[in-house]
Amino acid sequence: MDLIPLLFFIALFFNIRASFKLALDWRGMLVTTRFVRDAYARLGELPTEDQLDREPAAPVFLHLVPAFQEPDIAVTVGALVASRYPHGRLHVVVVTKEEEERDPHPAMGVSTGELVRRLRETLPPYQQKRLSHVVMSGSGRKAHQLNWGLRPEVLREVLAEETDPSRVFVGVSDADSIPDPDTYRWIAYRELGGQGSLAYQGIPLSLANYDRLTIRGKICAIQQSSIFIRVSIARLLNEVKRVRLLERLTERLPRLAWLVRPTFELLFRRSQICLGHNQFVRLDVMQSLGGFPTSGATEDSTLGYALGRRGILIQALPMVELTDLPETSEGVIRQNARWYLGVLDDIPYLRRAWREERTAFNLAQLVRHIGNKVVEWPIAALVYPVTGWLGWYLAYHHEGHRFWFYMATGAPTVSLLLTVWVGGIMTQTLIQDMRPYLPRAVDLRRKSLQERFLGTFRCQTYWLLATRGSWRVLWALARHGRYEPAKTDRVTGRRVNLPSRALSPAEGGPGEGT
């Protein structure tokens with residue numbers, strides 16, 4: 001059997017697919033940045049703290065911060081308690097571990113819990129009332145800490161007993177988060193205006209420690225941030241449009257709804273994405289789910305699938321939050337290894353969901369999860385370059401067929417050009433355009449010729465490290481049957497200065513002074 005025609009069409013398929021995905025990424029970035037720009041332009045329409053304080057229906061926020069060996073925890077907690085929201089309707093709960101209380105990290109000297117207690121003593125009285133600290137006994141990961149903060153005894157202590165769970169939103173931030181102080185006001189504006197949702201996901205950008213990163217680190221920070229913009233948030237925005245389109249189709253074709261709905265859900269619906277921080281889910285919904293999922297290495301992706309399975313659409317939140325990027329290549333690899341392990345851990349959940357409810361939606365989520373994440377994540381960095389070269393090579397076997405020759409040479413060329421344009425140029429430009437909306441000033445400019453050149457033509461550096469992370473998990477599973485995810489080590493990192501804008505609620509709006 002002649003394999004050349006088969007290899008030719010495989011290479012052509014992957015090159016066309018790569019070009020299509022890059023075009024979608026470009027479109028996703030444009031949609032999300034426009035969404036953020038429009039939202040920040042209307043910040044003046046948000047209700048003031050006094051107006052919200054007088055509004056009985058204004059939501060209450062229970063914001064959880066799981067922390068373990070976090071020397072800079074004061075940055076996140078200080079920014080959260082200084083948010084612009086009525087004093088009695090914002091409760092920040094830091095959840096630390098008992099094991100750290102007994103045995104603090106030698107480089108820290110004291111536990112994270114002790115740092116929180118010291119910070120609380122320095123805060124103004126109204127901010128002290130906002131801040132609570134609980135210690136989780138026993139072992140567990142981030143999801144276990146979050147669930148510890150949702151125990152009935154904690155809720156009774158932190159929230160008023162008469163507070164309706166349907167008015168309380170459970171927020172989550174990582175211990176390196178720098179949130180926007182107007183996040184709560186934006187959600188309250190939507191809730192009071194009749195455009196509320198049961199869940200919100202904001203925009204996290206991995207730029208908080210951008211000034212401390214090497215050139216390679218800065219490339220990775222830009223690329224990881226772009227994933228949140230062009231994939232995560234863009235998907236949430238587009239999913240609402242898809243659902244509305246499905247509703248219109250079923251209204252116009254009621255007799256064919258039995259066929260239209262499953263076909264649409266199988267081919268066009270996409271999985272929802274929770275990112276694990278800068279996210280908010282209503283308390284009654286969390287209680288109905290039994291808390292945060294603890295079955296996998298990452299609770300956020302499983303939570304997104306659980307919400308989607310219940311028909312709950314996550315509303316995109318335009319407010320920006322900054323987080324750190326691991327400051328070494330090894331740190332980026334370990335972070336992506338933990339995320340990939342979470343991808344593998346989601347397979348049993350999705351398989352069980354399909355078995356319990358054999359719907360087109362559940363089947364689509366399982367199939368796409370395995371194809372787009374489990375399979376493509378480890379091989380994408382190898383498959384697309386190889387098929388690109390293969391397309392050029394095999395094109396000359398079809399010199400007599402001008403159409404196929406031009407297709408075979410043109411598809412990989414377009415894919416390569418789009419990689420440089422979208423990944424190396426437009427990504428940097430659009431991330432820089434987000435600078436006025438960041439909760440602290442970050443200089444994102446490329447300052448040297450070397451930085452410009454490498455940032456443009458080595459824009460795939462992050463994906464190569466992510467691929468190494470996934471293969472590390474697969475290799476460990478093949479050899480030992482398990483992989484133990486490692487926590488991002490921030491103990492030895494340098495401290496980030498707390499932004500004055502986050503400390504002073506009376507200051508101006510986002511972007512001032514940047």
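The numbers attached to residues start from 1 for each chain and follow its sequence in the written order. Since the coordinates come from a predicted model, pLDDT governs what is reported: local features require at least 70, and pairs of side-chain atoms require 80 or more to be given and counted, while whole-chain, interface and lining totals use all residues. The basis for the side-chain values is all heavy atoms of the structure; hydrogens and waters are excluded.

Under the DSSP-based scheme used, a helix requires at least four consecutive residues in state H or I and a strand at least two consecutive residues in state E, with every element numbered from the N terminus. Helix and strand content of the protein: 19 helices and 7 strands. A compact globule built from 514 residues would reach a C-alpha radius of gyration of about 24 Å, and the protein, at 24 Å, matches this within 12%. Counting only C-alpha atoms, the protein reaches 80 × 60 × 50 Å along its principal axes. The buried share among the 514 residues of the protein stands at 54%. It only takes one pair of heavy atoms within 4.5 Å for two residues to be counted as in contact. A separation threshold of at least 6 residues defines the contact pool for the protein, and within that pool the share at least 24 residues apart is 83%. What sets the accessible areas is the Shrake-Rupley method with a 1.4 Å probe; for residues, cover comes only from the shown protein chains. Element-wise, carbon and sulfur atoms account for 57% of the exposed surface of the protein, whose accessible area totals about 23500 Å². His is not counted, nor are the chain ends; Lys and Arg add positive charge and Asp and Glu add negative charge. By convention, the charge on Lys lies at NZ, on Arg at CZ, on Asp at CG and on Glu at CD. For the protein, the distance from the average position of its 65 positive side-chain charges to the average position of its 52 negative side-chain charges is 6 Å. Using C-alpha atoms as the atom set, the radius of gyration is obtained and then compared with a globule rule of 2.2 Å times the number of residues to the power 0.38. Partly exposed residues are those whose accessible area sits between 20% and 50% of the maximum for their type, while under 20% is buried and over 50% is exposed, using a 1.4 Å probe and protein chains only.

Right, let's talk about the packing of aromatic side chains for a bit. Two aromatic rings from Phe, Tyr or Trp, using only the six-membered ring of Trp, form a pair when their centres are within 6.5 Å; if the ring planes differ by under 30 degrees the pair is stacked, by over 60 it is edge-to-face, and anything between is tilted. In this structure the tally under the stated criterion is 22 aromatic pairs. Ring geometry for tryptophan 186 against tyrosine 200: centres 6.3 Å apart, planes inclined by 85 degrees, an arrangement best described as edge-to-face. Here tryptophan 186 is found in helix α9 (residues 183–192), whereas its partner tyrosine 200 is found in strand β5 (residues 199–205), with 14 residues between them in sequence. On the basis of relative accessibility, which here comes to 7%, the residue tryptophan 186 falls in the buried class.

This part covers the pattern of salt bridges. The term salt bridge refers to a side-chain nitrogen of Lys or Arg lying within 4 Å of a carboxyl oxygen of Asp or Glu. One pass over the full model with this rule turns up 24 salt bridges. We note a salt bridge from arginine 117 to glutamate 114, for which the minimum N-O separation is 3.2 Å. One end of the pair, arginine 117, and the other, glutamate 114, are both in helix α5 (residues 112–122), 3 residues apart, so they sit about a helical turn from each other. Residue class for arginine 117 comes out partly exposed when judged on its relative accessible area of 32%. Assessed through its relative accessible area of 24%, glutamate 114 is described here as partly exposed.

Bringing a positive patch on the surface into the picture now. Patches here are clusters of residues that have more than 30% relative accessible area and form no salt bridge, with a 9 Å joining cutoff for like charges and a 5 Å cutoff for nonpolar side chains (Val, Leu, Ile, Met, Phe, Trp, Tyr). A cluster of basic side chains, namely Arg27, Arg34, Arg37 and Lys241, defines a positive patch on the protein surface. Here arginine 34 is to be found in helix α1 (residues 4–41).

Our focus in this paragraph is the sheet that holds strand β1 (residues 60–66). At least two bridges found by DSSP between two strands is the condition for calling them paired. Strand order in this open sheet of 7 strands is β3-β2-β1-β4-β6-β5-β7, and the pairing throughout is mixed. With one partner strand each, in any of the chains shown, β3 (131–136) and β7 (315–322) form the two edges of the open sheet. Neighbouring strand axes in the sheet, compared pairwise and without regard to direction, differ in orientation by 25 degrees on average. Axis definition: a line fitted to C-alpha atoms, over the contacting stretch in the case of helices. Angles run 0 to 180 degrees between N-to-C directions. Seen against the sheet, α5 touches β2 (90–97) and β3 and runs at an angle of roughly 165 degrees to β3. Contacts from α9 reach β1, β2, β4 (168–172), β5, β6 (279–282) and β7 within the one sheet, and its direction differs from that of β7 by about 170 degrees.

So, about the side chain of threonine 33. With respect to the helices and strands, threonine 33 occurs in helix α1. At 2.8 Å, the side chain of threonine 33 and the backbone oxygen of methionine 29 are in polar contact. Those residues in contact with threonine 33 that lie beyond four places of it in its chain are Ile229, Leu430 and Met434. A 3.5 Å cut-off defines polar contacts: any pair of N or O atoms within that distance qualifies, except that in protein one atom must be a possible hydrogen donor and the other a possible acceptor, and neighbouring residues in sequence count only when both atoms are side-chain atoms.

Turning our attention to α5. Among the residues of α5, Thr112, Gly113, Leu115, Val116 and Leu119 are the ones counted as buried. The arc that holds the buried residues of α5, viewed along the axis, is 155 degrees, so those residues lie on one side. Along its buried surface, α5 packs onto α3 (73–81), β2, α4 (98–102) and β3. Throughout, the arc means the angular range of directions from the helix axis out to the C-beta atoms.

Attention now moves to unusual backbone geometry. As a rule of thumb, non-glycine residues mostly have phi less than zero, and peptide bonds are mostly trans rather than cis. Here the phi dihedral of glutamine 69 falls at roughly 55 degrees; this positive angle occurs in a residue that is not glycine. Within the secondary structure, glutamine 69 is located in the loop between β1 and α3. In this model, asparagine 278 sits at a positive phi of 55 degrees, which is unusual for a non-glycine residue. With respect to the secondary-structure elements, asparagine 278 resides in the loop between α11 (257–267) and β6. Under the relative-accessibility criterion, asparagine 278 is labelled buried at 3%.

This part is about the nonpolar core. Side-chain atoms within 4.5 Å link the members of a nonpolar core, which is a set of buried Ala, Val, Leu, Ile, Met, Phe, Trp, Tyr and Cys residues. Of all hydrophobic cores here, the largest spans 101 residues; its most connected members are Leu150, Leu205, Leu207, Phe292 and Leu307. The dominant element in this core, judged by the number of residues it contributes, is helix α10 (residues 215–252), at 8 residues. Among the nonpolar cores identified, the runner-up in size contains 11 residues, and Leu341, Leu344, Ala476 and Tyr483 belong to it.

Turning our eyes to something else, we now look at the packing of α10 against α11. Contact geometry for α10 and α11: axes closest at 9 Å, N-to-C directions at 165 degrees. The angle between the axes of α10 and α11 places the two elements in the roughly antiparallel class. Pair α10 / α11 crosses with right-handed handedness. Touching Arg242, Leu245, Leu246, Leu249 and Thr250 of α10 are Ala257, Val260, Arg261, Phe264 and Glu265, all from α11. Under the scheme applied here, ten amino acids are nonpolar (Ala, Val, Leu, Ile, Met, Phe, Trp, Tyr, Cys and Pro), four are charged (Asp, Glu, Lys and Arg), and all others, including Gly, are polar. Residue classes in the contact of α10 with α11 are distributed as 6 nonpolar, 1 polar and 3 charged. Roughly parallel covers angles under 35 degrees, roughly antiparallel covers those over 145, roughly perpendicular covers 65 to 115, and oblique covers all other angles. Crossings are sorted by hand: turned counterclockwise from the far helix by less than a right angle, the near helix makes the crossing left-handed, and turned clockwise it makes it right-handed.

Attention now goes to a nonpolar patch on the surface. On the surface, Leu3, Leu6, Leu7 and Ile10 cluster together into a nonpolar patch covering about 330 Å² of accessible area. Within the element layout of this structure, leucine 3 appears in the segment before α1.

Positionally, valine 134 belongs in strand β3. A sequence separation of 41 residues divides valine 134 from valine 93, and the C-alpha atoms of the two residues are 7.2 Å apart. Every residue in contact with valine 134, bar those within four places of it in the chain, is listed here: Val93, Val94, Val95, Thr96, Trp148 and Val154.

Let's shift gears to the pairing of β6. On any regular strand, side chains alternate: one points to one face of the sheet, the next to the other face. Going residue by residue along β6, you find Gln279 and Val281 tucked away on one face and Phe280 and Arg282 tucked away on the opposite face as well. The sheet contact formed by β4 and β6 spans 4 bridges and is antiparallel. The residue of β6 that forms the bridge with phenylalanine 169 is arginine 282.

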